[in-house]
Amino acid sequence: MMRYSRVWGGLAGFLTILAISLGVSFAWSAPVSVDLELVLAVDVSGSVDEVEGKLQRMGYVNAFRSPSVLRAIQSGRHKSIAVTYMEWAGFDFQRVVVGWKRIHDGASAEEFAYLLSQAPIGVGPYTSISGAIEFALPLFENNGITSERRTIDISGDGPNNSGDYVTNARDRAIRAGVTINGLPIVNNRPSPWGRMPMPNLDLYYRNCVIGGRRSFLVVANDFKSFGRAIRRKLILEIVGLPGTERHEAGDPPDPKGSPVLVSRAAPPCDAGERRRRSWTDEY
């Protein structure tokens, strides 16, 4: 045993000297421990126009520049989190915009915000929340990071209408020990094709999208309030508060614009697929 230890020690020393002489850095290290691994999965489907896409993006950029978010990050056991940012649309449109970054101080938070602010904003057809979840799950593997909490943060302005049913993807994530939180963007603006948003999107997210340990949602009542909503949601996710439903700016308005909450029916979990079939039947 001693002979093998000496041989391995000599080999390691030789490789280190060789690496230094060649200007190469070798790292034999365990995964970095953080308090939370967080995938930010952002909707860039066709219903999100250029102005709204910029409002979403800057909402995340400004959140990571917020002192309150940094205080939340530094309040945990490891005083750090790891974040990656992805965009999604239909079942065949997902892309990583900023890869995994460990955020532990003002400089690392600013680096993430800067990289995000400089990246182009994508756009794609249809809405596949299930595709976003399926794409996000492998991102947790072999990322050089370890934590007790893994979360996918889904934000979007419509129901799943492409790819697998959202409940199937959600349940697979839960079985893998991953929490899904939601940030539905509720608004009364028609899409570029003249179609109205699905009513009660927040109830759809509550029943069909979010799940797992301490899952919750925050509702943005329009794209303009998205920045405030994401800042609050990030803080709740980072500090790991018990799951609960939370609204950023009161309850969503009814279809007539009244601020008074009326009795609302939750859409079925295949509501998006039904709506898409009805659009097809129109032509």
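Residues numbered from 1 in each chain as written. Predicted model: local features only at pLDDT ≥ 70, side-chain atom pairs only at ≥ 80, totals over all residues. Heavy atoms only, no water.

Peer 1: Help me get a handle on the state of the cysteines, residues and values and all.
Peer 2: Scanning the model with the defined rule gives one disulfide in all. In this model C208 forms its disulfide with C269; the gap between the sulfur atoms is 2.1 Å. The S-S bond linking C208 to C269 shows a torsion near -85°; that makes this disulfide left-handed. Here C208 is found in helix 7 (residues 201-209), whereas its partner C269 is found in the loop between strand 9 (245-247) and helix 9 (271-281), with 61 residues between them in sequence. C208 sits in the buried class, given a relative accessible area of 0%. For C269, a relative accessible area of 26% puts it in the partly exposed group. (Disulfide = S-S within 2.5 Å. Helix = DSSP H or I, 4+ residues; strand = E, 2+ residues; numbered from the N terminus. Buried < 20%, exposed > 50% of the residue type's maximum accessible area, 1.4 Å probe, protein only.)

Peer 1: Talk me through the pairing of strand 2 (residues 37-43); I want residue IDs and the actual numbers.
Peer 2: Taking burial as the measure, the seven residues of strand 2 include seven buried ones, the bulk of the element. Burial of the side chains of strand 2 extends over both faces: E37, V39, A41 and D43 are buried on one face and L38, L40 and V42 on the other. In the sheet, strand 2 pairs with strand 6 (residues 150-156) via six bridges, with the strands oriented parallel. Looking at strand 6, one finds that V39 is bridged to I152. (Pairing = 2+ DSSP bridges.)

Peer 1: Quick one: what's the story with the pattern of salt bridges, residue by residue and with numbers?
Peer 2: If you walk through the whole model with that rule in mind, you get 14 salt bridges. Between D153 and K233 there is a salt bridge, and its shortest N-O distance comes to 2.4 Å. Highlighted residues: D153 in strand 6 and K233 in helix 8 (residues 226-239), separated in sequence by 80 residues. A single burial state applies to D153 and to K233, both of which are buried. With a shortest N-O distance of 2.9 Å, D202 and R264 are connected by a salt bridge. One end of the pair, D202, is in helix 7; the other, R264, is in the loop between strand 9 and helix 9, with 62 residues separating them in the sequence. (Salt bridge = Lys/Arg side-chain N within 4 Å of Asp/Glu carboxyl O.)

Peer 1: Describe the confidence of the model for the chain, and please don't skip the residues or the numbers.
Peer 2: Summary statistics for the chain give a mean pLDDT of 83 and a share of 78% for residues scoring 70 or more. Note on residues 1-9: pLDDT under 50 across the span, and zero contacts to partners over four residues away in sequence or across chains. Within the model, pLDDT remains below 50 along residues 247-262, and this stretch shows 25 contacts once partners closer than five positions in the same chain are excluded. (pLDDT = per-residue confidence, 0-100. Contact = heavy atoms within 4.5 Å.)

Peer 1: Got a sec to walk through empty space enclosed by the protein? Specific residues and values, please.
Peer 2: Applying the stated criterion across every chain, the model contains one cavity of 30 Å³ or more. Each pocket or cavity is described by its volume, and for the largest cavity that value is around 30 Å³. Lining of the largest cavity is provided by V42, V44, G53, Q56, R57, Y85, E87 and I121. Listed by contribution, the elements that provide at least two residues to the lining of the largest cavity are helix 2 (50-64) and strand 3 (81-88). (1 Å grid on protein atoms, 1.4 Å probe; cavity = no way out; pocket = protein on both sides within 12 Å on 5 of 7 lines; lining within 4 Å. Points joined across faces, edges and corners; volume = space filled by probe spheres on them.)

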